[in-house]
Structures are given as structure tokens and as C-alpha cells.
Amino acid sequence: DAHSAWRTENTANNCATEILNSDLTTWADNKGIHFTKWAMITLPSSHTLTEVDVYFWTGMWCSFEVQAKQSNSWVTICTLHTDSSGKKTCNSPVVTDAIRIY
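Report on the accompanying structure. As the structure is a computational prediction, the values presented were derived from the model and not from experiment.

1. Quick look at the overall build of the chain
And step 1. Scanning the chain from N- to C-terminus turns up 1 helix and 6 strands.
And step 2. Restricting the contact set of the chain to residue pairs at least 6 apart, pairs at least 24 apart contribute 64%.
And step 3. For the chain, the accessible surface area stands at approximately 6500 Å², while carbon and sulfur atoms represent 51% of it.

2. Comments concerning the nonpolar core
And step 1. In this structure, Val52, Val54, Val66, Ile77, Leu80, Cys90 and Ile99 are the most contacted members of the largest nonpolar core, which totals 13 residues.
And step 2. Looking at this core, the elements with two or more residues in it are strand S2 (52-55), strand S3 (63-70), strand S4 (73-81) and strand S6 (94-101).
And step 3. Not counting residues within four places of it along the chain, the set of residues in contact with Val66 comprises Val52, Val54, Val75, Thr76, Ile77, Cys78, Leu80, Cys90, Ile99, Arg100 and Ile101.

3. Thoughts on the pairing of S6
Each regular strand displays side chains that alternate between the two surfaces of the sheet.
And step 1. Inspection of the sheet shows strand S1 (residues 39-49) paired to S6 by 7 bridges, in the antiparallel sense. Bridging across to S6, Ala39 finds its partner in Ile101.

4. Focus: the sheet that holds S4
And step 1. Pairing is antiparallel across the open sheet formed by 4 strands, whose spatial order is S1-S6-S3-S4. Where the open sheet ends on each side, the last strands, each with one partner, are S1 and S4. Ignoring strand direction, the axes of neighbouring strands in this sheet form an average angle of 25 degrees.
And step 2. Pairing geometry for S3 and S6, over 3 bridges, is antiparallel. Bridge assignment links Gln67 to a residue of S6, and that residue is Arg100.

5. Regarding the pattern of salt bridges
And step 1. Summed over the entire model, instances satisfying the criterion amount to 2 salt bridges.
And step 2. Among the ionic pairs, Asp53 bridges to Lys87, the shortest N-O distance being 3.8 Å. Note that Asp53 is positioned in strand S2 and Lys87 in strand S5 (residues 87-90), a separation of 34 residues in sequence.
And step 3. One salt bridge connects Asp83 with Lys88, and the closest N-O pair in it is separated by 2.9 Å.
And step 4. Among the residues examined, Lys88 registers a relative accessible area of 24% and is labelled partly exposed.

So, how was this worked out
Residues numbered from 1 in each chain as written. Predicted model: local features only at pLDDT ≥ 70, side-chain atom pairs only at ≥ 80, totals over all residues. Heavy atoms only, no water. Helix = DSSP H or I, 4+ residues; strand = E, 2+ residues; numbered from the N terminus. Contact = heavy atoms within 4.5 Å. Areas by Shrake-Rupley, 256 points an atom, 1.4 Å probe, with all protein chains shown as cover. Core = buried A, V, L, I, M, F, W, Y, C linked by side-chain atoms within 4.5 Å. Buried < 20%, exposed > 50% of the residue type's maximum accessible area, 1.4 Å probe, protein only. Pairing = 2+ DSSP bridges. Axes fitted to C-alpha atoms, helices over the stretch in contact; angles between N-to-C directions. Salt bridge = Lys/Arg side-chain N within 4 Å of Asp/Glu carboxyl O.

This is the structure in C-alpha cells:
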């Protein structure tokens, strides 16, 4: 589930195919997403996640939080800052059934 001001063709706000696509190098043909608020990945059941990799456009300079759903609230497990690498990893193990990039 996600919110995107630029993806008007996706009226259901479901960007799962773009977020979970295995092609991590192509930012075209609906594989790149412009988020204005957050992106959430719901797992089929609770799992222990040892790390979360977040890929981003290298021209973007901002901070974002990786959050895990705990009961009925969101808990920040790490705050990441973009740079020229295009990838950051959150190494905070957590048991959850949903992750949100906020």
C-alpha cells in the first residue's frame, strides 16, 4: 500500500509489483515509484527480519524511517539518510508482519 501523487494510473494505490520487483537497476517502465508519504509491505505472517534494504534514486537527498508494525502501532526501527550509493540497509532485527518506509 502506498501513496503517490505522480502515479495517477494506479488508482488502488497498490505498488507492490513495483516495490517488490527483482529488477533493482531499472527506473523506467513502471519500476520506479515517487512516494510522497510512505510505502508498506505486508507479509503473510510474522517473520524475523534481520535487515531491510531500501533502494532510492541517487539524486535524492533526504532522511526516512524504516518502521515495523507492532500490535496496532508503528515503531521506528532505524532512520536512514540517502547518499550517492542508491542503497541503504537497516540492520535492526525485528519480528513483524509489516514494514513501512516513511
